[in-house]
Amino acid sequence: MNVLIVEDELPLAKALNQILTKDGWIVDEVHDGVSAVDYAEGFAYDLIILDVMLPKLDGFEVLHVLRRAGLNTPILMLTARTAVADKVTGLRSGADDYMTKPFDTDELLARVAALTRRTGEIAVEQVTFADLKLDLASAELCCGDNSVQLSKKEFDVAKLLLQNPAQTLTKEQLINKVWGVDSEATDNNVEAYISFLRKKLKYLGSRVSIKNIQRLGYRLEVEA
Ligand code: CA
């Protein structure tokens, strides 16, 4: 399960990151409203924790943009402000829950669990896109009657592309997600695995290809 933490107070962001990592979440952390929109639109998070007072775009504006874009990820708003008016604004703008700072760790985890149970009951066992089906348990990529086994890294890259078919994924995003923010992986690693996947797509006879978007990254494309 992936969570995006949006909080500009760095010690608090770090504390949230630690609490949720310890709880088993894979955490991305950003510190302003514009990055929040970029990240939230770029990846399929299971939960977003969103502070209200943020640089660039405030939390309500971020919420508004995301909901208008059709994103239905559960969003937990977090703020130091205790005014009832804020709470009403937040929930009206499409937040799922609301917590005021400072908060208790147990209460945070209880709310996170409640929010993600609502949407996360059914385990997704496969990701499909066009004529492709990726089995999440066996890491087999299938197209019609053909199937091919993916290596661990090929699987991670393929899964990200298939889960975000309308998005251009940058090499940096792929490195952060697949190899980890602290890894020493470079663009060459990404290019190598994209090339492996292209060969497998060709072998499968899929109509889907991985398109290079100049200077941006990669996106899936379906042949008509
Ligand atoms: Ca803040």
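As a starting point, this report considers the structure included with it. (Residues numbered from 1 in each chain as written. Predicted model: local features only at pLDDT ≥ 70, side-chain atom pairs only at ≥ 80, totals over all residues. Heavy atoms only, no water.)

## Topic: the pairing of strand β7 (residues 132–135)
- Here β7 shows a buried face lined by L132 and L134 and an unburied face lined by K133 and D135.
- Between the end of strand β6 (residues 126–129) and the start of β7, which pair antiparallel, lie two residues, with A130 showing a positive phi angle near 50°.
- Judged from the three bridges that link them, β7 and strand β8 (residues 140–143) form a sheet pairing that is antiparallel. Across the sheet, K133 pairs through a bridge with C142, a residue of β8.
- Here β7 folds back onto β8, and the loop between the two strands holds four residues, one of which, A139, carries a positive phi near 60°. (Buried < 20%, exposed > 50% of the residue type's maximum accessible area, 1.4 Å probe, protein only. Helix = DSSP H or I, 4+ residues; strand = E, 2+ residues; numbered from the N terminus. Pairing = 2+ DSSP bridges.)

## As for the packing of aromatic side chains
- Enumeration according to the criterion identifies three aromatic pairs in this entry.
- Ring geometry for F43 against Y45: centres 6.4 Å apart, planes inclined by 70°, an arrangement best described as edge-to-face. In this pair, the class of F43 matches that of Y45, namely buried.
- Ring geometry for Y193 against F196: centres 5.2 Å apart, planes inclined by 85°, an arrangement best described as edge-to-face. Of the two residues, Y193 and F196 both sit in helix α8 (residues 187–204), three residues apart, roughly one turn of that helix.
- Through a chain of ring-to-ring contacts, the aromatic side chains of W179, Y193 and F196 assemble into a single cluster.
- Positioned above the aromatic ring of F43 is the side chain of K177, whose terminal nitrogen or guanidinium carbon lies 4.5 Å from the ring centre. (Phe/Tyr/Trp six-rings, centres within 6.5 Å; stacked < 30°, edge-to-face > 60°. Lys NZ or Arg CZ within 6 Å of the ring centre and 35° of its normal.)

## As for helix α3 (residues 59–68)
- G59, F60, V62, L63 and L66 are the residues of α3 that are buried. Along α3, the residues classed as buried sweep out an arc of 160° about the axis, all on the same side.
- Capping of α3 at its N-terminal end is provided by D58; its side-chain oxygen lies 2.9 Å from the backbone amide nitrogen of F60.
- Looking at the residues trailing α3, positive phi occurs at G70, about 90°. (Arc of directions from axis to C-beta. Polar contact = N/O pair within 3.5 Å; in protein donor to acceptor, adjacent residues only side chain to side chain.)

## As for the pattern of salt bridges
- In total, this model carries 10 salt bridges according to the counting rule given.
- Across the pair K101 and D51 runs a salt bridge, and its minimum N-O distance is 3.2 Å. Residue K101 is located in the loop between β5 (97–100) and α5 (105–120), and its partner D51 is located in strand β3 (residues 47–51); the two are separated by 50 residues in the primary sequence.
- Residue D156 pairs with K152 through a salt bridge whose shortest N-O separation is 2.9 Å. In this pair, D156 and K152 both sit in helix α6 (residues 152–163), four residues apart, roughly one turn of the helix.
- With relative accessibility at 57%, the residue K152 sits in the exposed group.
- Through salt bridges that share partners, E7, E9, D51 and K101 make up one connected network. (Salt bridge = Lys/Arg side-chain N within 4 Å of Asp/Glu carboxyl O.)

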